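Residues per chain are reported as follows:
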Amino acid sequence: MGDAAHAKRDSAHNRGDAADVTHDETTAGPHGDVIAALALADPRTRLVIWNGRIWNRERGDKAWRPYAGANSHATHVHVEILPARRGDASPWPWSPEIWTAARSWPSAPDQT
Ligand SMILES: [Zn+2]
């Protein structure tokens, strides 16, 4: 998963260890901040780049650091997995079936 620009410089995409998750406020999908937070909470995640910030589990990051790459990743969240977790194909929390189900949980009863 990656475009031509990624193919030239980002080997994690070429290995199948990274995906770009679109932040698109015009759809019902989750906001990039939510995608990034969910990615950090998932044990498969090795590295996340989102909106000018980077987080890397292997560095022992406890928080985001500024990201100075040419692409600030303001329109998509770059999520890279640990190669050892490659075999775990369980769906990610932002996948449409899970995200849509979570959003359709019944709301509180109307009190009128
Ligand atoms: Zn990417």
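Report on the accompanying structure. (Residues numbered from 1 in each chain as written. Predicted model: local features only at pLDDT ≥ 70, side-chain atom pairs only at ≥ 80, totals over all residues.)

**Re helix H3 (residues 32–41)**
- Among the residues of H3, Gly32, Ile35, Ala36, Leu38 and Ala39 are the ones counted as buried. Angular distribution of buried residues about the axis of H3 spans 165°; they occupy a single face of the element. Away from its buried face, by an angle of more than 90 degrees, H3 presents the exposed residues Asp33 and Ala41.
- Contact partners of the buried residues in H3: strand S1 (18–22), strand S2 (45–50) and strand S5 (76–81). (Buried ≥ 20, exposed ≤ 12 C-beta atoms within 10 Å, placed from the backbone. Helix = DSSP H or I, 4+ residues; strand = E, 2+ residues; numbered from the N terminus. Arc of directions from axis to C-beta. Contact = placed C-beta atoms within 7 Å.)

**Comments concerning the nonpolar core**
- Judged by nonpolar contacts, the single largest core of 14 residues is most densely connected at Ile35, Ala36, Ala39, Val48, Val77 and Val79.
- Once residues lying within four places of it in the same chain are set aside, the contact partners of Val79 are Ala18, Ala19, Val21, Ala39, Thr45 and Val48. (Core = buried A, V, L, I, M, F, W, Y, C linked by C-beta atoms within 7 Å.)

**Thoughts on the sheet that holds S2**
- Across the sheet, which stays open at both edges, the five strands sit in the order S1-S5-S2-S3-S4 with antiparallel pairing between neighbours. One side of each edge strand has no neighbouring strand; the edge strands of this open sheet are S1 and strand S4 (65–66).
- With four bridges joining them, S2 and S5 adopt antiparallel strand pairing. Bridging from a neighbouring strand, Leu47 pairs with Glu80 of S5.
- With respect to the sheet, H3 is in contact with S1, S2, strand S3 (53–56) and S5, its orientation differing from that of S2 by roughly 160°. (Pairing = 2+ DSSP bridges. Axes fitted to C-alpha atoms, helices over the stretch in contact; angles between N-to-C directions.)

**Focus on unusual backbone geometry**
- Of note, Asn51 is a non-glycine position whose phi angle comes to about 50°, a positive value.
- Examined against the element boundaries, Asn51 turns out to sit in the loop between S2 and S3.
- Exposure remark for Asn51: the 16 C-beta atoms within 10 Å place this residue in the partly exposed category.
- For His73, which is not glycine, the phi dihedral falls at a positive 60°.
- Tracing the backbone through its elements, the reader meets His73 in the loop between S4 and S5.

Structural measurements only, silent on function.
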